[in-house]
Amino acid sequence: MKKGYFGPYGGRFVPETLMPALLELEAAWLASLKDKAFRLEFKALAKDFIGRPTPLYLARRLSDKFGGAKIYLKREDLTHTGAHKINNALGQALLAKKMGKTRLIAETGAGQHGVATATGAALLGLECVIYMGSEDIRRQALNVFRMKLLGAEVREVTLGSRTLKDAINEALRDWTTNVRNTHYVLGTVFGPHPFPSMVRDFQSVIGKEARAQILKAEGRLPDHLIACVGGGSNAMGLFNAFLKDKNVLMTGVEAGGKGIGSGEHAARFAGGEIGVFQGAKSYLLQDEVGNVLGTHSVSAGLDYASVGPEHAFLKDAGRVRYTYATDDEALEAFGLLSRLEGIIPALESSHAIAEAKKIAPTMDKDSILIVNLSGRGDKDVQEVARIKGEKNL
Amino acid sequence: MSPNLKQNRIEERFQTLKKEGKKAFIPYIMCGDPSLEKTAQLVKLLEECGADAIELGVPFSDPLADGPVIQAAGLRALNAGVNLRVVIEFVKKVRTEKFTDVPLILMTYFNPVFRYGEDAFILDARAAGVDGVIIPDLPVEEGDSMAKSAGRQGLDVIFLAAPTSGDERLKKVARASNGFIYFVSITGITGAKLEISEELRSSLAKLEGPAQAGQKNQKPVVVGFGIRTPGEAGMVSALADGVVIGSAIVKAAAESSDAELKEYLLALRAAIK
């Protein structure tokens, strides 16, 4: 396979100004894989700062309700800062410091990656600027306050659709300008090589833990894994450790928004075609002349026009099945998990729960389903109240 | 009418400039900003004012290498319904009407080209009379094979070199680039503030010297990004074989009177030597 590619997907489609920085990053990342001191430092922080390992929790009432498989939740919502994003952000922050960078920048949609990056910057004493679309600033206001409290500057992006993709454009422009002292902490398994591989590597702890935990709890591997897919980092983090286990089925859940027919969604595999966007070749929601289409999802973190290149590869290979959940299905799952298990999930993760509702009843009682609960829903409470009306919560 | 594929206007122009001891003035305009009629007028005006080649911007939804001025121009062009297909048609029209013989270079992001199909794009663009293409998000590693197929059809794929490139990459870019080498003056996006640093000088000196030593043809080096005033254009042209001026001209075309624009273009032309 060509370097930096997953089959025909991936690559490094960026301005020349950034190429040396990507090569430097790739070298630093590869060196870190063999650097015992770095790995130990990261491991210690994962344990004492992030709070790993996160539990694998058997959701009994949810399992009973769906009436099929035993549903386990991988509790990434219990990490410090409340989502899996911290696994990657902290890893990259450490790497940046090692490379001698003094400034971190990041894009954020739901705000979880921005909070995680701001946290890493605070911990390591680095300057931090977060780019966020104004639409996302509105619907994830709580996370904006958190980033500011952590000492980060939040720059509002008022261009284009004012969501995640526009924040990435601005972050890339900033990086192009300040590349000498700045590291761009890309938050997902997307963008130019080495980001898709490196971010997967930092997130793969999710699947490694889940694999050991389920073997301990049940003495066998799970039958099916489910994770939501925006860029796809929590999904790759869970799936990676099971890719060679041919009997473990996997489903990635995209944002179906208001339905595929409505055109207002972010289901790249259902409605997209291959394109090159923000550094990578992958499935892309685009028009017939190659302009990128607007997307819609109730969850800011899934509201993105393209998807990680390794997911595109796994889709074509038939290793992972991709489907979508609509806004309404996600909102229903959000309420259901809150009431049945006392866990308020992020709207992103609610898409995975919504898929569990469809799959679990078709499975035997003794079969095992693991759902990645990638983040907690505190950040979404206000927006859900706005959508549903406070009385209807 | 298909053009003579042997004839490449960019190469010819630089040969003439070299003979005459002159430097290239390469203005950039956004095609279809705010209409194709206006673009046609501007092409004519730029030619009159001594442009040696014209860069035609192709609007794209997510122009990640561009600053606010060209972003806004791109949006106006998108609103006018312009896209890569329309730009190629525009060039075809300009050429068949023998409207201009100035080398025309498209500046487009990669996805519209990918969507069009690389081979189809090369054939159609060349047949229309496009002479070169600059793709800011296509580095040498990803674009080398396209540059070769385009080169065989007489279409120059012009690669960018940057202040961060370093010696090894400068050589790579110099080898792969056809027509000329586009040196980005600063680490930044289009329209940012120019700084004529020691690094810029030394990188340009390297490109003129050892980086291309042993090659059959020394390729011209053109500098762009951030150049606004005739003074800046003059300073930069002394270091290179030509100067690209984009945002400043796009801004002037949108905001200044025809007379002011013409005066500005003539001043730039006079300063570049």
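The rules behind each value
- Residues numbered from 1 in each chain as written.
- Chains lettered and ligands numbered in written order.
- Predicted model: local features only at pLDDT ≥ 70, side-chain atom pairs only at ≥ 80, totals over all residues.
- Heavy atoms only, no water.
- Helix = DSSP H or I, 4+ residues; strand = E, 2+ residues; numbered from the N terminus.
- Contact = heavy atoms within 4.5 Å.
- Buried area = accessible area lost by both parts, 1.4 Å probe.
- Salt bridge = Lys/Arg side-chain N within 4 Å of Asp/Glu carboxyl O.
- Nonpolar A, V, L, I, M, F, W, Y, C, P; charged D, E, K, R; others polar.
- pLDDT = per-residue confidence, 0-100.
- Buried < 20%, exposed > 50% of the residue type's maximum accessible area, 1.4 Å probe, protein only.

### A closer look at the side chain of aspartate 33 of chain B
Move 1: Here aspartate 33 of chain B lies in the loop between strand S1 (24-30) and helix H2 (36-48).
Move 2: Not counting chain neighbours up to four residues away, the residues in contact with aspartate 33 of chain B comprise Lys38, Thr39, Ala73, Arg76, Ala77 and Val250 of chain B.

### A closer look at the interface of chain B and chain A
Move 1: Each partner contributes to the interface: chain B provides 34 residues, whereas chain A provides 38 residues.
Move 2: Interface area, chain B with chain A, both sides summed: about 3000 Å², of which 52% is carbon and sulfur.
Move 3: Its largest share of buried area at the contact with chain A, chain B owes to Leu64, Arg115 and Glu142 of chain B, together 24% of the area lost on that side.
Move 4: Put simply, chain B and chain A have four salt bridges between them.
Move 5: Notably, a salt bridge pairs aspartate 62 of chain B with lysine 165 of chain A, separated by 2.7 Å at the nearest N-O pair.
Move 6: Mapped by element, the contributors of at least two residues to the side of chain B that touches chain A are helix H3 (68-79), helix H5 (110-116), helix H7 (140-152), strand S6 (160-161) and helix H8 (166-176) of chain B.
Move 7: Here the side of chain B that touches chain A takes five residues from H5 of chain B, the largest share from any one element.
Move 8: Taken together, the residues that form the side of chain B that touches chain A break down as 18 nonpolar, eight polar and eight charged.

### Let's talk about the confidence of the model for chain B
Move 1: Overall, the prediction assigns chain B a mean pLDDT of 93, with 94% of residues at 70 or greater.
Move 2: In the predicted complex, the global pTM is 0.96; the interface-specific ipTM is 0.95.

### Quick look at unusual backbone geometry
Move 1: Each neighbour pair has its own omega, and for histidine 193 of chain A with proline 194 of chain A the value is 15°, a cis peptide bond.
Move 2: Note on placement: proline 194 of chain A falls in the loop between strand S8 (182-184) and helix H9 (195-203).
Move 3: Residues other than glycine seldom take positive phi values, yet glutamine 278 of chain A does so here, at roughly 45°.
Move 4: Take glutamine 278 of chain A: it is sitting in the loop between strand S11 (273-277) and strand S12 (280-284).
Move 5: The exposure class of glutamine 278 of chain A is buried, given its relative accessible area of 5%.
Move 6: The backbone of phenylalanine 225 of chain B shows a phi angle near 90°, a positive value even though the residue is not glycine.
Move 7: Mapped onto the elements of the fold, phenylalanine 225 of chain B is located in the loop between strand S8 (221-224) and helix H10 (230-237).
Move 8: Phenylalanine 225 of chain B sits in the buried class, given a relative accessible area of 8%.

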